Amino acid sequence: MTRRYVCVHGHFYQPPRENPWLEAVERQDSAHPYHDWNERVTAECYAPNAASRIFDESDCIVEILDNYSRMSFNFGPTLLSWMENHTHFTYGVILEADRASRERFGGHGSAMAQAYGHLIMPLASGRDKRTQVTWGVRDFQKRFERDPEGMWLPETAVDIDTLEALAEHEIAFTVLAPHQAAAVRALTPEDDGEPEWQDVTGDNVDPSRPYLVRLPSGRSITVFFYDGPISRDVAFEGLARSGERLARRLREALPSNPDEPRLAHIATDGETFGHHQVHGELALLYALETLREQEGVELTNYASFLAEHPATWEAQIVEDSSWSCVHGIERWRSDCGCSTGGPHTWSQSWRRPLRDALNELRAEIDGRFEEAAAELLKEPWEARDDYIRVILDRNPGNVDAFLSDHALRELSDTEEVRALKLMELQRNAMYMYTSCGWFFADISGIETMQVMAYAGRVIQLAEDLFGASFESAFLDRLEEARSNIPEQENGRKIYERWVRPGRIDLSRVAGHHAIRSLFEPRSDGDENDESEIYCYRVKIEDEQVATEGRARLLFGWSRFRSVITRESARLSYAAVHLGDHTILGGVRGFQGVENERAVRSLLQDAFDRSDLAEMVRILDREYQTARNSLRHLFLDEQQKVLDRIVEASVQEAETVLEDLYQKAAPLMRFSAELGVTQPRVFQVAAESVLDKSLKGALSGPNPDFDRIEALLGEARKRGVHLDPHEIAFAARKTLESLADRVAEDPGDRDRLHALERGADLLLDLDFEVNAWGAQNTFHQVLRDFYPRQKERAAENDGEARRWVRLFSRVGEKLSIAVH
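What you are looking at is a predicted structure, and each value in this text was computed from that prediction instead of being measured. (Residues numbered from 1 in each chain as written. Predicted model: local features only at pLDDT ≥ 70, side-chain atom pairs only at ≥ 80, totals over all residues. Heavy atoms only, no water.)

A. Spatial organisation of the pairing of strand β16 (residues 536–548). Judged from the four bridges that link them, strand β15 (residues 530–533) and β16 form a sheet pairing that is antiparallel. Counted as the bridge partner of S531 is V538 from β16. Hairpin remark: β15 followed by β16, antiparallel, with two residues in the connecting loop; positive phi at Y534, about 55°. As paired elements, β16 and strand β17 (residues 551–562) share 12 bridges and run antiparallel to each other. Each bridged residue has a counterpart across the sheet, and for Y536 the counterpart in β17 is S562. What sits between the antiparallel neighbours β16 and β17 is a turn of two residues, in which G549 has the positive phi angle 65°. (Pairing = 2+ DSSP bridges. Helix = DSSP H or I, 4+ residues; strand = E, 2+ residues; numbered from the N terminus.)

So, in structure tokens, the structure goes:
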């Protein structure tokens, strides 16, 4: 019987969200209650797919499995870089899934590489195409410890030159949309003559077989054209809500008695499974497991299928086409009508001037880059291709090796900084073309502001390296990019309001350090410590803090250094906090120990006399080049400092509310029994007191269950509405902590009893508490420890029997079947 195969591909990707100056993702309020969108989508999609569930008829979990090892997938390299540092569990599962898929699929891993920066490849220069492929390959090799067989193209945007770049790097295949096929024909032996090409434009290609694409260079690459109708239904029509329907559609896509091995396969954004479609990861796992168990159908991935069944047909592609724009690639350079979000009346005419502004900026810097880099490096563009090794590992020894390999000669410290800045110029110049900047409805979106921020970093580096002005011409062009939101005006105004104020140099880092240090004083004897501020290092040389009541004065000097470019400067700084949100400060170049101590003495004297006017005069006179305030703190640190500033006021308010609540509690209980509406101030007091008390009882390694139960009962009696987000978060953390303690010593029944009590209390609240993490940990114990205990119980071990009964009760409370 001819074999039939099924493959589901997920393209997992988020736009890079790092602040280009800090190399870190700052708080994004639109992702609330999460810190940022990477964190939110991880919680809703990437992590759930790493531990998806199979349920029985009673809605109890019978198995927890990852989806990644059962499907084909690619992750954007910039997203994986973030995951490596912020979500170790999920990142580890993804890497392990590729190893497991190699065992499952004949030595061929399910992970595909991706062109690195998610720019639209047909709109990129030939040089950029090849760097993007090189970086994508090298990133993949480091993470997955093997060579990639396939590579995903951002937005599946393709032209022949892009396929040449893939083939040049020995990429065997890529995946395209069916409407990207222009014509096909069967491959025949040379002496049989060439068959006629068949026109298949408009989704008419047979997606169940691979196609060879011959390239002008003489190379070739295989293309899989995914099943368009099923993929669209998964992405946009709710098919991802039903694993049963998804399995049936994929099975029905396969011929009953094919004349050759056939493949039913779909491709969609991986975020469909959990983020766009809630619980989509459950439907995906159900579909994959259902298909795996069916006779005559095999799960596979593209690399495994291609190894067993090379292409017997060839194809021609539609040049300058993509999967998400019916107009080809116009979505990323013109007002073609394709957009996401916003009213249908909005215009995307801003796209053209945005791209023109970036193209003109790029044209201005590339020639200067070649000339400047040629003075330091053997082959500047080869050095750029190899710079991915530094991006992946900024260990000083690795950076030294990179410079040694590419430098014309031994470089001075200043020349090293210049060489690294030239590389960073090129890195950010490619990042500013990230496709998401054009994808959505308005130029004021966070994705478009992100590409403007990369342009801002390019401008800063270029002006520093080449001593010329680049920003003015860039902004003149951006002014032509009109926003659909009247108050946003145009690209120039958006840049001036949001990008330019975020520009960071070593002076700004010093100002941040000074203000932060006012609220995080160091211990005595720490003067020579080195501290971190994102991608900067601070070597403290002299720093002192004076305190008078709630007022504080900090003065010092330190060496500030960028990890990215190795640029450094010795700077002195002062900061004064006079209470509330009033903070003054300044930064300047270090002017010698005696000079700095003299200024410190003046400030100290004015501070001791509480002479605010004099302190302001000294700061104005001595720190003319930089003045700092709370607004100059980096975004995440602003929240921390504000929390510290208002801490005393909050405590005072909480004391007043607690006193009010204690006095009003009997009346509140009586009113609740009568069903009488209570004064709002009583409700506020009760909510504040009970929320705080409950969070306190939930925190710590040994939660006070009696206290928790009493507080919950008190809230119900008084009709108090607890904060569902805060309490649910604290309850989730408590359950995870209790489950972790069980995993550390599974045989300890006291720990199991504690988890039972916690689950009993916290999973019966009036709002949902996420038990996902606790379930994962408990299920691991079920897999690794429970079988031995069950065997002992069967051998009449009384302690083991008691343990098994208790473990089964805990599993029931966590909705996990224990058999």
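B. Broad picture of the sheet that holds strand β8 (residues 181–186). A sheet is described by the order of its strands in space; here six strands give the open sequence β7-β11-β10-β14-β8-β9, paired in mixed fashion. Sheet topology places β7 (173–176) and β9 (198–199) at the edges, where each strand pairs with a single neighbour. Of the strand pairs in this sheet, strand β10 (residues 211–214) and strand β14 (residues 313–317) are connected by two bridges, and their pairing is parallel. Bridge pairing in β14 links Y211 to W313.

C. Region of the structure containing the pattern of salt bridges. Summed over the entire model, instances satisfying the criterion amount to 73 salt bridges. R427 is the partner of E424 in a salt bridge, and the nearest nitrogen-oxygen pair spans 2.7 Å. Here E424 pairs with R427, and both are found in helix α14 (residues 413–431), just three residues apart, close to one helical turn. For R427, a relative accessible area of 4% translates into the label buried. Ionic pairing is found between E736 and R732, a salt bridge with its closest N-O pair at 3.5 Å. (Salt bridge = Lys/Arg side-chain N within 4 Å of Asp/Glu carboxyl O. Buried < 20%, exposed > 50% of the residue type's maximum accessible area, 1.4 Å probe, protein only.)

D. View of helix α17 (residues 471–478). Where α17 is concerned, the buried positions are E471, F474, L475 and L478. Mapping the buried residues of α17 onto a view down its axis gives an arc of 95°, with all of them on the same face. Looking at the packing, one finds that the buried side of α17 touches α10 (351–374), α16 (446–466) and α18 (491–499). (Arc of directions from axis to C-beta. Contact = heavy atoms within 4.5 Å.)

E. Geometry of the packing of aromatic side chains. The tally for this structure, following the rule as stated, stands at 34 aromatic pairs. Ring geometry for Y46 and F75: centres 5.6 Å apart, planes at 65°, overall edge-to-face. Highlighted residues: Y46 in helix α1 (residues 37–50) and F75 in strand β4 (residues 72–75), separated in sequence by 29 residues. On the basis of relative accessible area, Y46 is assigned to the buried category, the value being 0%. Residue classification places F75 among the buried residues on the basis of a relative accessible area of 4%. Three or more aromatic residues joined by ring pairs make a cluster, and in this case those are Y5, F173, F224, Y302 and F305. Directly above the ring of F439 sits R331, whose terminal nitrogen or CZ lies 3.6 Å from the centroid. Between the NZ or CZ atom of R570 and the centre of the ring of F590, over which it lies, the distance is 3.9 Å. (Phe/Tyr/Trp six-rings, centres within 6.5 Å; stacked < 30°, edge-to-face > 60°. Lys NZ or Arg CZ within 6 Å of the ring centre and 35° of its normal.)

F. Quick peek at the packing of helix α26 (residues 749–762) against helix α29 (residues 798–813). Across the interface, α26 lies against α29 with an axial gap of 9 Å and an inter-helix angle of 25°. Compared by their axis directions, α26 and α29 come out roughly parallel. Our pair here, α26 against α29, has a crossing hand that is left-handed. Every residue of α29 that contacts α26 at R749, L752, H753, L755, E756, A759 and D760 is listed here: E799, R802, W803, L806, F807, R809, V810 and K813. Classifying every residue of the contact of α26 with α29 by side-chain character gives seven nonpolar, one polar and seven charged. (Axes fitted to C-alpha atoms, helices over the stretch in contact; angles between N-to-C directions. Parallel < 35°, antiparallel > 145°, perpendicular 65-115°, else oblique. Left-handed = near helix turned anticlockwise from the far one by under 90°. Nonpolar A, V, L, I, M, F, W, Y, C, P; charged D, E, K, R; others polar.)

G. Structural context of the nonpolar core. Y68, F75 and F474 are the most contacted members of the largest nonpolar core, which has 163 residues in total. Sort the elements by how many residues they give to this core and α16 lands first, with 10 residues. Other than its neighbours up to four places away in sequence, F474 contacts A357, L358, L361, A455, I459 and Y495. Listed in part, the 47 residues of the second largest apolar core include I64, L762, A800 and V810. (Core = buried A, V, L, I, M, F, W, Y, C linked by side-chain atoms within 4.5 Å.)

H. Fine view of the environment of L782. Within the secondary structure, L782 sits in helix α27 (residues 772–784). Those residues in contact with L782 that sit more than four places away from it in its chain are P787, F807, I816, A817 and V818.

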